[in-house]
Amino acid sequence: MASLSVKPGQRFTLPDWKNNSLLISADAEQQRYNSHHVRQGGRALRNETGNQAKWDEHDSRTHLKDRITTVDRWREALARCLTEIDLEIDALTKVKEAAENAIQAKNLCLDVAIECLTFRESRRDIDVVRDPVEEELHREVKVIEKTKKELQQRVDDAFKQLCLLKEARQELSCDLQHKMEALEFDRQCVSFNPTSGNISFKVNPTRVPNGTTELHEWETISQCNKERGEAEVRASIDLRGAITLTIAQTNNELDAQRTATEFALRKRIRDMEGALSELRWQEQNTLEEIDEMEEEIRQLEEDIRKRTLDLKVAHTRLETRTYRPHRELCRDQAQYGLTDEVQQLEGIIRALQQKRTESQDALDALYRQLHRIRTDIGYKTNSLQLDNKCMDTRKKLVVPVEKYDPQVDAVNRTRNLPRNSQLEL
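Described in the following lines is the structure provided in the data block. Bear in mind the structure is a predicted one, so any value in this text is a computation, not a measurement.

## Comments concerning the packing of helix α3 (residues 215-321) against helix α4 (residues 333-394)
Logical step 1: As a packed pair, α3 and α4 sit with axes 5 Å apart at the nearest point and diverge in direction by 165°. Between α3 and α4, the angle falls in the class roughly antiparallel. The handedness of the crossing between α3 and α4 is left-handed.
Logical step 2: Of the residues contributing to the contact of α3 with α4, the split by class is 32 nonpolar, 13 polar and 24 charged.

Now the structure itself:
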């Protein structure tokens, strides 16, 4: 007969079983409560952190946009300043070239003045005189050298100002380039979002890089660059005005001196022509007087010859009468007459010879004076030719030096510049 096998082990009572069920139910409720509490806390934290993250991202985006606006405003200001500097560099370069051209034009004036002085060094003898023309030419040389020195100083000032402008431009250009690069980075940062493909974790992103500046320092640097550029532009405008005025003043001064020199030269030419006319008139009269004096000497010699023949006749008569015989050799009226005639003829011949000597001396003096007149005519003809050469040489200066007229008024920068009427002679 089969028997029921009983598994050995502990047996729980029914109350234990019920208590166990109640405990499990209570634990389940507690766990659900705890889970609900945690879940509610997580939801609240998600809402809070999500909102905070959105606001933080909004603030960061807003700050980035504000920064972009600020940097872009500075970029525009620096770009305008850079444009003004470029225009001013171009305008100052043109003024500098105009001053250099004016110096080159003064070289021509100086060469002409020195050439005129060199011509006049070929004058001879009495014509080597320090006349008003020579004084005006020397004064013109001094004026030209003075104007060249002033213009060269202006050119040097313009060169230095161009260096300062280019240095300020370099600073502005670098600052502008850096701001453009910063704008690109900040715009790129604004474009980032959680779905961007090029976002990732970085090593120590909150570090402060070397060379980082404070905001006030950044603004001070930009402001200094801008103010320096504007100051150099203002200085360049003033210098352009001064250079233009110097060119006009030197041209006026040189033209006035050149006019005075040419006036003195023309007056000297007229005086020389008058002196030559007077000398030629004296030469003609002297030649006429020489002809008359030579004729007079010939007449005197003819009279001396005739009186000498008469004296020979008288001497012959007296000598012949000495051969009268005996008592016929008497001192009669004929003898007295012949004797008086001899004495008269001898006196006449001596007087004629004396007059011939005086006439010959006068003729020699006339010839010497004629030689002197002709020599002086040669000197003055040479001087007149030299002065006419000077006038021909100065015809190179007939075309006036081209006056500088600014073609570009960069950004209405014509402060304190002379008007066109002030530039005209």
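Moving on from the coordinates now.
## A short note on the packing of helix α2 (residues 132-191) against α3
Logical step 1: Here α2 crosses α3 at 165°, and the two axes come no closer than 8 Å. Overall, the two elements α2 and α3 adopt an arrangement that is roughly antiparallel. Regarding α2 and α3, the two cross each other, and that crossing is left-handed.
Logical step 2: Residues belonging to the contact of α2 with α3 are distributed by class as follows: 22 nonpolar, 10 polar and 17 charged.

## Let's talk about the nonpolar core
Logical step 1: Grouped together as the largest cluster of nonpolar side chains are 26 residues, with contacts concentrated most on I144 and L265.
Logical step 2: Of all the elements in the fold, those that place two or more residues in this core are α1 (14-120), α2, α3 and α4.
Logical step 3: Beyond its immediate stretch of four places on either side in the chain, I144 contacts K106, C109, L110, A113 and L254.

## Side note on the packing of aromatic side chains
Logical step 1: A full pass over the atoms with the stated rule returns 1 aromatic pair.
Logical step 2: A ring pair is formed by W74 and W218, whose centres lie 6.4 Å apart and whose planes are at 80°; its orientation type is edge-to-face. Taken together, the residues span a long stretch of sequence, with W74 in helix α1 and W218 in helix α3 at a distance of 144 residues.
Logical step 3: On the accessibility criterion, W74 (15% relative accessible area) is buried.
Logical step 4: Assessed through its relative accessible area of 15%, W218 is described here as buried.
Logical step 5: Over the aromatic face of W218 sits the side chain of R67, whose NZ or CZ is 3.9 Å from the ring centroid.

## Here we look at the pattern of salt bridges
Logical step 1: Under the defined criterion, the tally for this structure stands at 36 salt bridges.
Logical step 2: A salt bridge links R268 to D131, with the shortest nitrogen-to-oxygen separation between them at 3.0 Å. Taken together, the residues span a long stretch of sequence, with R268 in helix α3 and D131 in the loop between α1 and α2 at a distance of 137 residues.
Logical step 3: Under the relative-accessibility criterion, D131 is labelled buried at 3%.
Logical step 4: We note a salt bridge from R321 to D332, for which the minimum N-O separation is 2.5 Å. Here D332 lies in the loop between α3 and α4 and R321 lies in helix α3, a separation of 11 residues in the sequence.
Logical step 5: You can call R321 buried: its relative accessible area is 18%.
Logical step 6: Exposure remark for D332: the relative accessible area of 23% places this residue in the partly exposed category.
Logical step 7: When salt bridges with common partners are traced through the structure, they connect R120, R123, R130, D131, E134, R268 and D387 into a single cluster.

Thresholds, definitions, all that
Residues numbered from 1 in each chain as written. Predicted model: local features only at pLDDT ≥ 70, side-chain atom pairs only at ≥ 80, totals over all residues. Heavy atoms only, no water. Axes fitted to C-alpha atoms, helices over the stretch in contact; angles between N-to-C directions. Helix = DSSP H or I, 4+ residues; strand = E, 2+ residues; numbered from the N terminus. Parallel < 35°, antiparallel > 145°, perpendicular 65-115°, else oblique. Left-handed = near helix turned anticlockwise from the far one by under 90°. Nonpolar A, V, L, I, M, F, W, Y, C, P; charged D, E, K, R; others polar. Core = buried A, V, L, I, M, F, W, Y, C linked by side-chain atoms within 4.5 Å. Buried < 20%, exposed > 50% of the residue type's maximum accessible area, 1.4 Å probe, protein only. Contact = heavy atoms within 4.5 Å. Phe/Tyr/Trp six-rings, centres within 6.5 Å; stacked < 30°, edge-to-face > 60°. Lys NZ or Arg CZ within 6 Å of the ring centre and 35° of its normal. Salt bridge = Lys/Arg side-chain N within 4 Å of Asp/Glu carboxyl O.

Note that every value here comes from positions in space, so none of it alone points to a role or purpose.
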